[in-house]
Each structure stands twice: as C-alpha cells, then as structure tokens.
Amino acid sequence: MQFSVLASGSTGNATYIENGEHSFLVDAGLSGRKMEELFAAIGKKMSDLDGILVTHEHSDHIKGLGIVARKHKVPIYANAKTWTAMDGLIGAVPVEQRFHFDMDTIKTFGSMDIESFAVSHDAADPMFYVFHANGRKLSLITDTGYVSDRMKGVIQASDSYVFESNHDVGMLQMGRYPWSIKRRILSDVGHVSNEDAAVAMSEVLAEKPTRIYLSHLSKDNNMKDLARMSVEQTLQSKGIITGEYVNLFDTDANIPTKLIVV
C-alpha cells in the first residue's frame, strides 16, 4: 500500500491511497484543474480511481468533488448526514455514483479494508478513515478538536499516520484572528494543537517503525519547524525517542508528497 498527501490545510485537502489493486482519494478540496495537476505530479490518473471518500462537507474538503466525480465518473462515498449537507454544494451527482459509507463501519474492496470512524468537528457528521491492506495499516485523522479514546482505539498501532497538528496555542492566542474564530479552533469541535496531537500520538504508537505526517498545519498560527519541534519534545517527554522508531514529516499546503510506501 502507498499514499500521497496531495494537499493539506485550510486552502484544500486531498490524499491519495492505493494498494496495486484499488485506489482511492480522500476528499477533493481544490479546484478540478488543481486536482488534475496534483495527480499528474504523482503520475496518476483520476479516471483510474475506484472512489472518492468524503470526510465532511467543509469547502476545503469538497471544492472539486462534484467536478472531479462527474468528469471522471468516479463513485463518491459519504455518510447520510454528509450527503445531505453537501446538497447544493457539489452540483448534481448521478445516482449511480452516490454511495453511502456509514460511520464506524468497514468496507472491503478486494484486498483493501477501509474503516470509518467519528471525529469531533463542527460539521454535520465528520469522519475519517483507516486503510488496511497486506498486513499494513494507514490512519488519516485531521479536522478534530480532540482525539478521544474511541479514536485512539481505532488508529492504534498504525504503520503510517496522516495526523493533524494544526496550531501552536500561543501563536493562535496572540494572532490576528477574531476571538470568535480562535474560540472555534480551540474548542472540542475545532482543530488539534501541536501539543495535544503529540500527546495523542504517544498513546497510539507501537514499538515498530512508524511514519507520521504532520498535516493541516495552519498557515497563520503554526510553522513547520515549530510543529515538528513541539511534537518531538512532547513525545520525548513521554519516553518516545523520535528518529529510532518514529519518523516525523510535515506536509506542504499544495505540494504533494511523493508516493509513500506504508
């Protein structure tokens, strides 16, 4: 199994996953043209996708969804409340391309199992996904105000993570955002800070080589070096030495990572 974080952050989100037999896109939060460019950058074609998995209806996750799905005749998977929330936002989608993926369920596509799980975000019914294939496990978790014990149980002992590390609390508090937005980000339905993300990581990592891609970094309230340093320091305070079993990486907003083997 391999994946690429095509885009991550408030300007748009999309992640590509494949196992040689099936390929999926999680979210399509950029324009159709930009999505084409990102796929070309990793040498893939959207027409080969087996489906687009939607996490929630915010624009930075569905901006190009309808365009991509209609142009390339790709099935869309989302839960019932998210489908309702997307009505009027993505244009008409043919009924044969509309599929339900319920919360807390597993769908099997050949040798790939995809597991959905709830997160805490200010959307209709937000959820993220864990991919299981060939004895390997990839967990995607962003856009959540906190990481619950239930979430930790689902993502436990993954081989690779795409993990939200959205903001530095001090930068956010001192920054230019109005208090209403700061309160929303800091709330239980907002976004996870660097430190809180690292604490959650420390409770799900297994003693095996693990790659963690720090994602959905705020362009105004975080910096790549700061996020990585904060996570490293917190993990080390928990007795987890990065660089031995845990490798930390960060994702650029609209620069896709190379295809990464899980």
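Here the structure is a predicted model, which means the values were calculated and not measured.

**Student:** Explanation requested: the nonpolar core in the structure shown.
**Tutor:** Proteins that are soluble and globular tend to have nonpolar side chains buried together. In this structure, Phe131 and Phe163 are the most contacted members of the largest nonpolar core, which totals 50 residues. Per element, the largest residue contribution to this core is six residues, and it comes from strand β9 (residues 127–133). Among residues more than four places away in sequence, those in contact with Phe131 are Met1, Ile17, Val26, Leu53, Met112, Asp113, Ile114, Arg136, Lys137, Leu138 and Leu140.

**Student:** Explain the packing of helix α8 (residues 194–202) against helix α9 (residues 224–237) to me, please; I cannot follow it from the model alone.
**Tutor:** Working note: a packed helix pair is described by the angle between its axes plus the distance between those axes. Two elements in contact, α8 and α9, have axes whose closest approach is 8 Å; the angle formed by their N-to-C orientations is 45 degrees. In terms of orientation, α8 lies oblique with respect to α9. α8 and α9 meet at a crossing whose hand is right-handed. In this structure, α8 uses Asn194, Glu195, Ala198, Val199, Met201 and Ser202 to contact α9, whose residues at the interface are Leu226, Ala227, Ser230, Val231, Thr234 and Leu235. Tallied by class, the residues present in the contact of α8 with α9 amount to seven nonpolar, four polar and one charged.

**Student:** Could you clarify how one ought to interpret the sheet that holds strand β11 (residues 160–164) in this entry?
**Tutor:** Through backbone hydrogen bonds, the strands of a sheet pair up, either in parallel or in antiparallel fashion. The strand order across the open sheet formed by seven strands is β7-β8-β9-β10-β11-β12-β13, and the pairing between neighbours is mixed. Both outer strands of the open sheet, β7 (106–109) and β13 (246–250), are each paired with one neighbouring strand and no more. Each adjacent strand pair in this sheet contributes to an overall mean axis angle of 20 degrees, direction not counted. Sheet analysis places β9 next to strand β10 (residues 136–141), joined by five bridges and oriented antiparallel. Each bridged residue has a counterpart across the sheet, and for Ala133 the counterpart in β10 is Arg136. Seen against the sheet, α8 touches β11 and β12 (210–215) and runs at an angle of roughly 150 degrees to β11. Across the sheet, α9 lies against β12 and β13, angled at about 160 degrees from β13, the strand it touches most.

What counts, and where the lines are drawn
- Residues numbered from 1 in each chain as written.
- Predicted model: local features only at pLDDT ≥ 70, side-chain atom pairs only at ≥ 80, totals over all residues.
- Heavy atoms only, no water.
- Core = buried A, V, L, I, M, F, W, Y, C linked by side-chain atoms within 4.5 Å.
- Buried < 20%, exposed > 50% of the residue type's maximum accessible area, 1.4 Å probe, protein only.
- Helix = DSSP H or I, 4+ residues; strand = E, 2+ residues; numbered from the N terminus.
- Contact = heavy atoms within 4.5 Å.
- Axes fitted to C-alpha atoms, helices over the stretch in contact; angles between N-to-C directions.
- Parallel < 35°, antiparallel > 145°, perpendicular 65-115°, else oblique.
- Left-handed = near helix turned anticlockwise from the far one by under 90°.
- Nonpolar A, V, L, I, M, F, W, Y, C, P; charged D, E, K, R; others polar.
- Pairing = 2+ DSSP bridges.

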